[in-house]
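The lines below spell out each chain.
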Protein chains: 2
Amino acid sequence: MTEPRWLNADERRAWLALLSINTLLPAALDTQLQAAGKLSLFDYNVLAMLSEAEGRFLPMSELAARTSASLSRLSHVVTKLQRRGWVEREAHPGDARVTVAHLTESGMDTIVSLAPGHVDAVRALMLDAMTDDDVADLARIGEKIVARLDDDHWILRER
Amino acid sequence: MTEPRWLNADERRAWLALLSINTLLPAALDTQLQAAGKLSLFDYNVLAMLSEAEGRFLPMSELAARTSASLSRLSHVVTKLQRRGWVEREAHPGDARVTVAHLTESGMDTIVSLAPGHVDAVRALMLDAMTDDDVADLARIGEKIVARLDDDHWILRER
DNA sequence: TTGTTTTACTTGAAGCTTCAAGTAAAACAA
DNA sequence: TTGTTTTACTTGAAGCTTCAAGTAAAACAA
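Rules and cut-offs
Residues numbered from 1 in each chain as written. Chains lettered and ligands numbered in written order. Predicted model: local features only at pLDDT ≥ 70, side-chain atom pairs only at ≥ 80, totals over all residues. Heavy atoms only, no water. Helix = DSSP H or I, 4+ residues; strand = E, 2+ residues; numbered from the N terminus. Buried < 20%, exposed > 50% of the residue type's maximum accessible area, 1.4 Å probe, protein only. Areas by Shrake-Rupley, 256 points an atom, 1.4 Å probe, with all protein chains shown as cover. Least-squares fit on C-alpha atoms with pLDDT ≥ 70 in both. Contact = heavy atoms within 4.5 Å. Near = heavy atom within 4 Å. Polar contact = N/O pair within 3.5 Å; in protein donor to acceptor, adjacent residues only side chain to side chain. Pairing = 2+ DSSP bridges. Axes fitted to C-alpha atoms, helices over the stretch in contact; angles between N-to-C directions. Buried area = accessible area lost by both parts, 1.4 Å probe. Salt bridge = Lys/Arg side-chain N within 4 Å of Asp/Glu carboxyl O. Nonpolar A, V, L, I, M, F, W, Y, C, P; charged D, E, K, R; others polar. Domains from an automatic or database assignment. Expected span 1.5 Å × (residues − 1). Bend = angle between axes of the 7 residues up to and from the residue. Phe/Tyr/Trp six-rings, centres within 6.5 Å; stacked < 30°, edge-to-face > 60°. Lys NZ or Arg CZ within 6 Å of the ring centre and 35° of its normal.

A.B. asks: Tell me about the overall build of chain A, and please be specific about residues and values.
C.D. replies: Within chain A, the secondary structure is distributed over 7 helices and 3 strands. In chain A, the succession of helices and strands from N to C terminus is α-α-β-α-α-β-β-α-α-α. With the principal axes as the frame, chain A shows a C-alpha extent of 55 × 40 × 30 Å. Residue burial in chain A is summarised as follows: out of 159 residues, 48% are buried. Accessible surface, chain A: about 7900 Å² in total, of which carbon and sulfur atoms supply 51%.

Right, dumping it as structure tokens:
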């Protein structure tokens, strides 16, 4: 067996920082959203992606791609959001295999009321810690990592 | 109500990239570790932190801090690791409130055998996507964000 | 056409995480 | 001392995510 290349100082710092952000940041945002509207960050993102989509609806697979989730996870969560009256499932006219998730008026009202508090939290927890150059660097480096993890991830399509 | 400041282009890119990394990277590493040894990334980190500690033991609260976890989460996971024979719980001699988690020989063997594959995965999924400068930038920016989220996080103590 | 494979989901169970409530010892306060 | 507060956990239940298995329609292959 060949000797593995261990991490050097910067690699270790970058990796540990990412790992820590990874557990702390979603937890902090979950706490804010839980207090504001009894939903999780993932729930919020599902609603947000639908609210930004044309017609406020998306096929389940496209919604799964935009939330980086598995179809199974999304299916369970949409069922929950449906019970809360925020999303509806509809048949796709052209392809009977496809389910379309549609944001309801009530769902739209919910996200509109939650958005300002959520954006404030994102600023307070992360963006306010950085200079403008840092933000640009993080965007550039972050997208490189995303490309590595999934080379046709939707956030790269916007470029 | 005052108008919220929405995210500008770079802010949105940085935020979306971080969010995507956040769901994709742990999932990919979980898959690798699950295949290699039927354990999660969090399980691995618990073992790794213990293996690096002097004497291979740490109080539960210190271990929770080093894995960015809640005590409750850690307590459940240590119970599981204990059943697999990788960790033992011991009383703290000086303070009866404290439980010390101690890595067993078997736990040490496990992490030694898993480490090379895990480090390879971290490289393949993230570090190999970046230049040396990117790594240094990410370390610097990442630590700023961590400091924002928890200003005496243990990774900042090493400086 | 007919059979086979692929796509786009859905479902239930198992396992994991969070949350609320609890225990017991240490520290502090008067 | 004695009572109160804080610290350091642990526990069980509820909710969430993953995993394995399934369904049904579309696409392809011969």
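A.B. asks: Break down the relation of the copies chain A and chain B for me, citing the residues and quoting the values.
C.D. replies: Rotating chain A by 180° and moving it 0.0 Å along the rotation axis overlays it on chain B with an RMSD of 0.0 Å. Expressed as an axis order, the relation between the two copies is that of a two-fold axis. Taking the C-alpha atom as reference, chain A places Asn22(A) closest to the rotation axis, 2.9 Å from it. In this assembly, 100% of the residues forming the interface of chain A have copies in chain B that are likewise at the interface, indicating an isologous arrangement.

A.B. asks: So what's going on with the protein's contact with DNA strand D? Which residues, and what values?
C.D. replies: Neighbouring residues of DNA strand D: 18 residues in total, closest Ser72(A), Arg73(A), Ser61(B), His76(B) and Thr99(B). Among all atoms of DNA strand D positioned within 4 Å of the protein, those belonging to sugar or phosphate total 65%. The side chain of Ser72(A) places a nitrogen or oxygen atom 2.6 Å from a base nitrogen of DNA strand D. Here Arg97(B) contributes a backbone N or O atom positioned 3.5 Å from a sugar or linking oxygen of DNA strand D.

A.B. asks: Describe the sheet that holds strand β1 (residues 57–59) of chain B, naming the residues involved and giving the relevant values.
C.D. replies: All names here are of chain B. Judged by pairing direction, the sheet is antiparallel, and its 3 strands sit side by side in the order β1-β3-β2 without closing on themselves. Single-partner strands in this sheet number two, and they are β1 and β2 (87–91). Between one strand axis and the next, the sheet turns through 25° on average, direction left out of account. By the bridge criterion, 5 bridges tie β2 to strand β3 (residues 99–103) in an arrangement that is antiparallel. Across the sheet, the residue bridging to Glu90 is Val100, located in β3.

A.B. asks: Which residues make up the pairing of strand β3 (residues 99–103) of chain A, and what values do they have?
C.D. replies: Here 3 bridges tie strand β1 (residues 57–59) of chain A to β3(A), and the two strands are oriented antiparallel to one another. What sits directly across from Leu58(A), in β3(A), is Ala101(A).

A.B. asks: Go over the interface of chain A and chain B with me, naming the residues and quoting the values.
C.D. replies: Taken together, the 63 residues of chain A in the interface contact 63 residues of chain B. Overall, the association of chain A and chain B removes approximately 6200 Å² of surface from exposure, summing both partners, and the carbon and sulfur fraction of that is 68%. Note that Arg140(B) and Asp134(A) form a salt bridge whose closest N and O atoms lie 2.9 Å from each other. Applying the counting rule to chain A against chain B returns 14 residue pairs in polar contact (both at pLDDT 80 or more). Classifying every residue of the side of chain A that touches chain B gives 36 nonpolar, 10 polar and 17 charged.

A.B. asks: Please give an account of the sheet that holds β1(A) that cites residues and values.
C.D. replies: All names here are of chain A. The strand order β1-β3-β2 describes an open sheet built from 3 strands, whose pairing is antiparallel. A strand with exactly one partner marks an edge of an open sheet, and here the two such strands are β1 and β2 (87–91). Adjacent strand axes in the sheet meet at a mean angle of 25°, parallel and antiparallel pairs treated alike.

A.B. asks: Go over the domain arrangement of chain A, please, and point to the residues and values.
C.D. replies: Where interface size is given, it is often the accessible area lost as the parts come together that is meant. When the domains of chain A are assigned, the result is domain 1 (31–122) and domain 2 (129–159). Averaged C-alpha coordinates put domain 1 of chain A and domain 2 of chain A at centres separated by 23 Å.

A.B. asks: Run through the protein's contact with DNA strand C, naming residues and quoting values.
C.D. replies: Not every one of the 18 residues close to DNA strand C is listed here, only the nearest: Ser61(A), His76(A), Thr99(A), Ser72(B) and Arg73(B). The sugar-phosphate share of atoms of DNA strand C within 4 Å of the protein amounts to 66%. A distance of 3.1 Å separates a base oxygen of DNA strand C from a polar side-chain atom of Ser72(A). Top element by residues in the surface near DNA strand C is helix α4 (residues 71–83) of chain B. It accounts for 5 residues.

A.B. asks: Give a description of helix α5 (residues 105–125) of chain B that names residues and reports values.
C.D. replies: Along its 21 residues, α5(B) runs 30 Å from first to last C-alpha, staying within 8% of the 30 Å computed at 1.5 Å per residue. Approximately 40° is the largest bend angle found in α5(B), and it occurs at Ala115(B), with the proline Pro116(B) only one to four residues beyond.

A.B. asks: Explain the packing of aromatic side chains to me, and be specific about the residues and the numbers.
C.D. replies: As enumerated under the stated definition, the model contains 0 aromatic pairs over all chains in all. Sitting above the plane of the Phe42(A) ring, Arg73(A) keeps its charged end 3.9 Å from the centroid. Lying over the aromatic face of Trp154(B), Arg66(B) brings its terminal NZ or CZ to 5.9 Å of the ring centre.

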